[in-house]
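Structural overview for review
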Amino acid sequence: MYIMQIGSNSSYDISHQHKPSSKEDKKEEKPDDTTKLDSSQQQEVNKLQARDSEVRAHEAAHKAAGGGLAGSASYSYQRGPDGKMYAIGGEVSISFEKGSTPQETIANARQVAAAAMAPANPSPQDFSVAASARMMELSAQQELVKQLQEEQNQQNGFKTYQQSA
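This section reports on the structure supplied with the text. (Residues numbered from 1 in each chain as written. Predicted model: local features only at pLDDT ≥ 70, side-chain atom pairs only at ≥ 80, totals over all residues. Heavy atoms only, no water.)

Our next topic: the overall build of the protein. Scanning the protein for helices and strands turns up four helices and three strands. Counting over 165 residues, the protein shows a buried share of 33%. The long-range fraction of contacts in the protein, counting pairs at least 24 apart against all pairs at least 6 apart in sequence, stands at 68%. (Helix = DSSP H or I, 4+ residues; strand = E, 2+ residues; numbered from the N terminus. Buried < 20%, exposed > 50% of the residue type's maximum accessible area, 1.4 Å probe, protein only. Contact = heavy atoms within 4.5 Å.)

A word on helix H3 (residues 102–116). The end-to-end C-alpha distance of H3, which contains 15 residues, comes to 21 Å, matching closely the 21 Å that a straight helix rising 1.5 Å per residue would cover. Of all the residues in H3, the buried ones are Pro 102, Thr 105, Ile 106, Asn 108, Ala 109, Val 112, Ala 113, Ala 115 and Ala 116. (Expected span 1.5 Å × (residues − 1).)

Running from amino to carboxyl end, helix H2 (residues 39–66) crosses H3 at an angle of 165°, the nearest separation of the two axes being 8 Å. The angle between H2 and H3 falls in the class roughly antiparallel. Every pair of crossing elements has a handedness; the one defined by H2 and H3 is right-handed. Judged by residue contacts, His 62, Ala 65 and Gly 66 of H2 engage Gln 111, Ala 114, Ala 115 and Ala 116 from H3. For the contact of H2 with H3, the class distribution of residues is four nonpolar, three polar and no charged. (Axes fitted to C-alpha atoms, helices over the stretch in contact; angles between N-to-C directions. Parallel < 35°, antiparallel > 145°, perpendicular 65-115°, else oblique. Left-handed = near helix turned anticlockwise from the far one by under 90°. Nonpolar A, V, L, I, M, F, W, Y, C, P; charged D, E, K, R; others polar.)

This part is about the pairing of strand E3 (residues 85–96). Of all the 12 residues making up E3, nine are buried; the element is thus mostly covered by neighbouring parts of the structure. In terms of strand pairing, strand E2 (residues 70–79) meets E3 through eight bridges, oriented antiparallel. Paired with Tyr 75 across the two strands is Gly 90, which belongs to E3. Counting the residues that bridge the hairpin from E2 to E3 gives five residues, and of these Gly 83 lies at a positive phi of roughly 90°. (Pairing = 2+ DSSP bridges.)

In this model H2 runs 40 Å from its N-terminal to its C-terminal C-alpha over 28 residues, within 8% of the 40 Å that 1.5 Å per residue would give. Listing the buried residues of H2 in full gives Gln 41, Glu 44, Val 45, Leu 48, Arg 51, Asp 52, Val 55, His 58, Glu 59, Ala 61, His 62 and Gly 66. Once H2 finishes, Gly 67 follows within two positions and takes phi at roughly 55°, a positive value.

Buried together is how nonpolar side chains tend to be arranged in soluble globular proteins. Residues Ile 6, Ile 94, Phe 96, Val 112, Ala 116 and Val 129 are the most contacted members of the largest nonpolar core, which totals 15 residues. If you list the elements that add at least two residues to this core, you get E3, H3 and helix H4 (124–164). The element contributing the most residues to this core is H3, with five residues. Aside from chain neighbours lying at most four places away, what touches Ala 116 is Ile 6, His 62, Pro 122, Asp 126, Val 129 and Ala 130. (Core = buried A, V, L, I, M, F, W, Y, C linked by side-chain atoms within 4.5 Å.)

In this section: the side chain of Thr 105. Turning to its location among the elements, Thr 105 is positioned in helix H3. Exposure remark for Thr 105: the relative accessible area of 5% places this residue in the buried category. Beyond its immediate chain neighbours, meaning those up to four positions away, Thr 105 contacts Phe 96, Lys 98, Gly 99 and Ala 140.

The next subject is the environment of Ser 139. Position of Ser 139 among the secondary structure elements: in helix H4. C-alpha of Ser 139 to C-alpha of Ile 106: the two residues are 33 residues apart in sequence and 8.7 Å apart in space.

This is the structure:
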């Protein structure tokens, strides 16, 4: 069994570039409900909210398309100037097992590839997982063709033997 990670795991720090003073640092760690954010802090919160929504939608698409092969989503977080935690990256593990038949392996590989490519904007990791799944699918298809050729050869050999007897 293979376990692959798909998702928007390219997390990045959205925060602004200036270093807060110790007073500001305390405010960012535990703001009270009456704390008003300045415009740059509000912009940062808006970016974090947008990224959080994007990441959660991305991982939900993987999970939905992966069905029973997909694990739960895990996220990396960043604290915003409002003190709230925002998802800035994530991943869903997806397991790939070789089936008991080539057809089963092909179906599993197709589901893994579909899960990897399900989000609107697949990440580089998603493309990599999809490519690996497609390689596994091709291998299973080759195995299936070989199996079918062997069956055909056995049937043809049996007919030839019956005709000559």
